[in-house]
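# Topology and contacts: notes
Here are the chains, one letter per residue:
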Amino acid sequence: MIDSESDNRTANNAVRYQYRVLSDAEKARMLAIKDAGAALLNLIEAEGASRELSIAKTKTEEAVMWAVKHVTG
């Protein structure tokens, strides 16, 4: 497994062949976004299961994806 903040993150990606090298500050911001998203997902999971919670999980994952894309783009 390759950490998402690793400079070797292209090794397992068949779609995106080139990445720019992220600064340490960018790596830290990306990790903070992912950690916050994981914390929210854990809170949502603790609430049980429902259609609304399923949507909340999906939207949280989407928000993290777009925020990380902003940092790494």
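Heads up: the structure comes first, above all this text.
Scope of this entry: the structure provided in the associated data block. (Residues numbered from 1 in each chain as written. Predicted model: local features only at pLDDT ≥ 70, side-chain atom pairs only at ≥ 80, totals over all residues. Heavy atoms only, no water.)

### Topic: the overall build of the protein chain
What counts here: Under the scheme used here, helices are H or I runs from DSSP no shorter than 4 residues and strands are E runs no shorter than 2 residues, and both carry numbers assigned from the N terminus. Relative accessibility under 20% of the residue-type maximum defines a buried residue, over 50% an exposed one, and the middle range a partly exposed one, all with a 1.4 Å probe and only protein chains included. Only heavy atoms enter the contact rule, under which two residues are in contact if any of them lie within 4.5 Å. Residue-level accessible areas treat just the shown protein chains as cover; the underlying method is Shrake-Rupley with a 1.4 Å probe.
Looking only at helices and strands, the protein chain has two helices and zero strands in total. Expressed as a percentage of its 73 residues, the buried residues of the protein chain come to 19%. Restricting to contacts in the protein chain with at least 6 residues of sequence separation, those with at least 24 account for 45%. Summed over all atoms, the accessible surface of the protein chain reaches about 5,400 Å², with 57% contributed by carbon and sulfur.

### Considering the nonpolar core
One broad trend across soluble globular proteins is that nonpolar side chains are buried collectively. We count it as follows: By nonpolar core is meant a set of buried Ala, Val, Leu, Ile, Met, Phe, Trp, Tyr and Cys residues that side-chain atoms within 4.5 Å join together.
If you look at the biggest cluster of nonpolar residues, it comprises five residues: Leu22, Met30, Val64, Val68 and Val71. For this core, the leading source of residues is helix α2 (residues 51–72), giving three residues. Among all residues touching Val68, those that are not within four sequence positions of it are Met30, Ile33 and Lys34.

### Quick word on the pattern of salt bridges
Side chains carrying opposite charge are able to pair once their charged atoms draw close together. Rule in force here: What makes a salt bridge here is a side-chain nitrogen of Lys or Arg within 4 Å of a carboxyl oxygen of Asp or Glu, nothing more.
Inspection of every chain in the model, using the stated rule, returns two salt bridges. Linking Lys57 and Glu45 is a salt bridge whose minimum nitrogen-to-oxygen distance equals 3.0 Å. Taken together, the residues Lys57 in helix α2 and Glu45 in helix α1 (residues 24–46) connect sequence positions twelve residues apart. Put simply, Lys59 and Glu62 hold a salt bridge, and the shortest N to O gap is 3.9 Å. Here Lys59 pairs with Glu62, and both are found in helix α2, just three residues apart, close to one helical turn.

Purely spatial values, then, with no claim about function.
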